[in-house]
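Structure assessment
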Amino acid sequence: MAKNKNKSIPKKPFRFTVDDINGYLFIAVAIIVFAFFTIYPVVSAVTTSFENYKPFGSEWVGFKNYADTFKKDLFWKSLKNTAVYTVVTVPCSLFIAFVVAVMIMPFKKKTQSLFKSMYYIPAVASGVAMSVVWLWIYDSSPSGLFNQVLTLFHIPTQNWLASSKTAMLSLIIMALLSGHGSSIIIYIAALLGIDNTYFEAAEIDGATFMQKVRYIVFPLCKPTTLFLLITGIINSFQVFMNAYMMTGGGPDNNTTMIGLLIFNNAFKNGKYGLACAQAILLAVVIAGLTAIQFKVAGDDVEY
Amino acid sequence: MASGLYSQHLDRPYVYKIRNLIIGLVLLFCALVVLFPLAYMLAWSFGPNLETASSSYHIFPTTWTLDSYKAFFDFSDYSWKWLLNSFIVALATVVSNVVFASMAGYAFSKINFKGRNFLFFMILVAMMIPYQVTQVPLYILFVNKFKMTNSYLALILPGCVTSYNIFLSKQFFSSIPTALIESAKVEGASQIRIFNSIILPLSKTVLAVMAINTFVGSWNTFFWPFLVTSQEAMYTIQVGLKTFKFANGTLLSPMMAGACVSAIPMFILFFALQKYFLEGVTIGAVKG
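Not measured: the values here are computed from a predicted model.

The secondary structure content of chain A amounts to 15 helices and 2 strands. Over its C-alpha atoms chain A spans a radius of gyration of 25 Å, topping by over 25% the 19 Å that the globule rule assigns to 303 residues. Principal-axis analysis of the C-alpha atoms gives chain A an extent of 75 × 55 × 35 Å. Taking all 303 residues of chain A together, the buried fraction comes to 40%. Of the contacts formed within chain A by residues at least 6 apart in sequence, a portion of 69% connects residues at least 24 apart.

What follows is about the packing of helix H6 (residues 127-137) of chain A against helix H13 (residues 252-272) of chain B. At a closest axis distance of 9 Å, the pairing of H6(A) and H13(B) adopts a crossing angle of 155 degrees. Between H6(A) and H13(B), the interaxial angle falls into the category roughly antiparallel. H6(A) and H13(B) meet at a crossing whose hand is left-handed. Residue-level contacts link Val128(A), Ala129(A), Val132(A), Val133(A) and Trp136(A) of H6(A) to Leu252(B), Met255(B), Met256(B), Gly258(B), Ala259(B), Ser262(B) and Ala263(B) of H13(B).

Facing 87 residues of chain B, the contacting portion of chain A comprises 83 residues. A total of 13 residues in the side of chain B that touches chain A trace back to one element, the largest contributor, which is helix H1 (residues 13-45) of chain B. Among the residues forming the side of chain B that touches chain A, the class breakdown is 61 nonpolar, 22 polar and 4 charged.

Moving on, we get to the nonpolar core. If you look at the biggest cluster of nonpolar residues, it comprises 159 residues, and the most contacted ones within it are Ala30(A), Val133(A), Ala279(A), Ala104(B) and Ala259(B). Excluding anything up to four places from it in sequence, Ala30(A) contacts Phe100(B), Ala101(B), Ala104(B), Val161(B) and Ile166(B).

Each assigned domain of chain B is listed with its residue range as follows: domain 1 (4-68) and domain 2 (76-247). The C-alpha-based centres of domain 1 of chain B and domain 2 of chain B are spaced at 36 Å.

How each quantity is defined
Residues numbered from 1 in each chain as written. Chains lettered and ligands numbered in written order. Predicted model: local features only at pLDDT ≥ 70, side-chain atom pairs only at ≥ 80, totals over all residues. Helix = DSSP H or I, 4+ residues; strand = E, 2+ residues; numbered from the N terminus. Rg over C-alpha atoms; globule rule 2.2 N^0.38 Å. Buried ≥ 20, exposed ≤ 12 C-beta atoms within 10 Å, placed from the backbone. Contact = placed C-beta atoms within 7 Å. Axes fitted to C-alpha atoms, helices over the stretch in contact; angles between N-to-C directions. Parallel < 35°, antiparallel > 145°, perpendicular 65-115°, else oblique. Left-handed = near helix turned anticlockwise from the far one by under 90°. Nonpolar A, V, L, I, M, F, W, Y, C, P; charged D, E, K, R; others polar. Core = buried A, V, L, I, M, F, W, Y, C linked by C-beta atoms within 7 Å. Domains from an automatic or database assignment.

Structure, rendered in structure tokens:
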């Protein structure tokens with residue numbers, strides 16, 4: 001845009017207007033912070049990914065960090081783990097949030113707010129605190145909470161977080177039971193925005209409740225669903241806390257996700273270059289997934 | 001209030017009521033499942049400061065004491081300082097975000113300066129970049145170059161104006177009619193004056209939402225404080241809790257007490273400012 005403006009008035013000498021000066025003054029602090037703590041780190045991450053980082057004089061190694069990454073089984077395993085975690089939790093969470101939001105609709109505003117609050121509260125607690133709590137819920141002794149539930153149904157108790165069979169499942173269950181407060185609230189806002197005439201017209205045609213949900217609510221909520229899907233996948237690919245606090249990536253790296261792998265490479269093994277290369281690959285994967293979703297679902301979605 | 005979606009039994013109030021009651025009960029049950037971990041945390045934080053013999057504990061403790069809180073605060077000389085640190089960092093982050101992000105948001109929405117669209121585009125792109133990309137260079141910058149480990153500045157600076165908050169305020173200010181600003185300009189008001197006496201009073205809700213989200217986000221952050229603090233005296237409460245967890249893995253009640261200490265301030269904030277919390281979710285999302 002700025003380019004066009006300059007082109008249309010090429011003869012005038014370049015001069016800052018009052019608006020320019022005001023604008024730069026207003027954004028000055030923000031832009032300085034942005035340059036130092038966002039632009040510089042991103043550029044630095046790209047260059048570091050081509051280096052063998054050393055505090056005094058890193059050496060240029062070309063694509064070695066990337067090649068090393070692709071050669072390592074652990075990278076592919078953590079990519080697979082992240083993908084499994086995402087493919088299960090994100091759509092299931094969306095489904096739960098949608099159903100709960102639809103169920104909250106028939107109530108009066110006060111009741112709606114009460115339910116919204118109840119579902120939102122878990123999101124206020126920190127990830128560390130919630131991990132500490134869930135660690136005990138998954139306690140491997142017979143008196144661990146989940147094991148008590150299993151005993152109730154005469155199923156043998158499990159070593160939830162320490163067995164390669166159940167570790168990933170445990171993290172997924174935790175994600176699914178941890179409340180979907182913000183998605184529910186966003187869905188409710190979308191549902192409240194649906195014009196009543198749609199439903200009236202459907203009634204005249206004798207539509208059942210399920211038909212209304214299927215043919216009116218669901219399509220009209222599509223932009224919201226796409227938004228939640230994209231943000232959900234972006235967040236899920238960066239997940240770090242659960243694996244770090246609860247399983248440490250174990251057992252046998254069955255719950256090592258990309259976020260944890262990058263953390264370990266950088267801050268446990270001191271391989272900054274490798275970590276940066278993997279972080280950039282993560283960014284590329286996320287950007288790719290987002291683009292695909294826009295392509296597939298975005299044709300009739302306006303933002 | 002009944003939306004057209006639920007109009008089936010309007011003519012039969014009795015059926016209508018029963019149906020709503022059933023839906024309500026199902027919702028209540030699901031909410032209880034979601035809230036259970038929190039109840040578990042709260043209840044057990046009052047449990048005894050003992051290594052629980054594994055066969056003996058129930059869903060909720062049988063005796064209630066404050067011993068476990070004492071155990072948490074006795075764990076380190078700096079337990080109270082952790083809370084204070086978190087509070088200082090969160091407050092400073094909120095103030096600088098509300099001031100500088102809103103100023104930038106105003107400029108991006110209402111002042112026509114050269115390079116505006118390009119710079120705003122950069123900020124939008126930055127929001128898409130996963131935090132892992134910037135963490136390593138930021139760590140090298142703060143720890144190796146600035147030598148700022150264990151300082152408040154290191155804890156505060158990287159988050160002191162976030163792209164998200166600039167975006168949020170820009171979206172909101174865009175909805176304020178430009179005519180309002182133009183007429184003030186004609187009267188001879190400076191941009192600062194316009195911002196202070198016209199824009200800010202109109203934007204209390206969005207600023208409150210921004211402040212709350214930023215505060216909670218900063219309070220709950222673990223990753224960055226964990227990287228740039230190595231002395232217990234400079235830990236934030238989340239880092240302290242993690243340290244406590246790895247040192248006392250077998251003590252149920254003290255761990256729950258620690259989790260409560262880190263979470264309860266946010267619960268209090270939530271109950272005090274519920275409206276803004278709930279509104280904040282939609283302000284952030286639907287306008288995006």
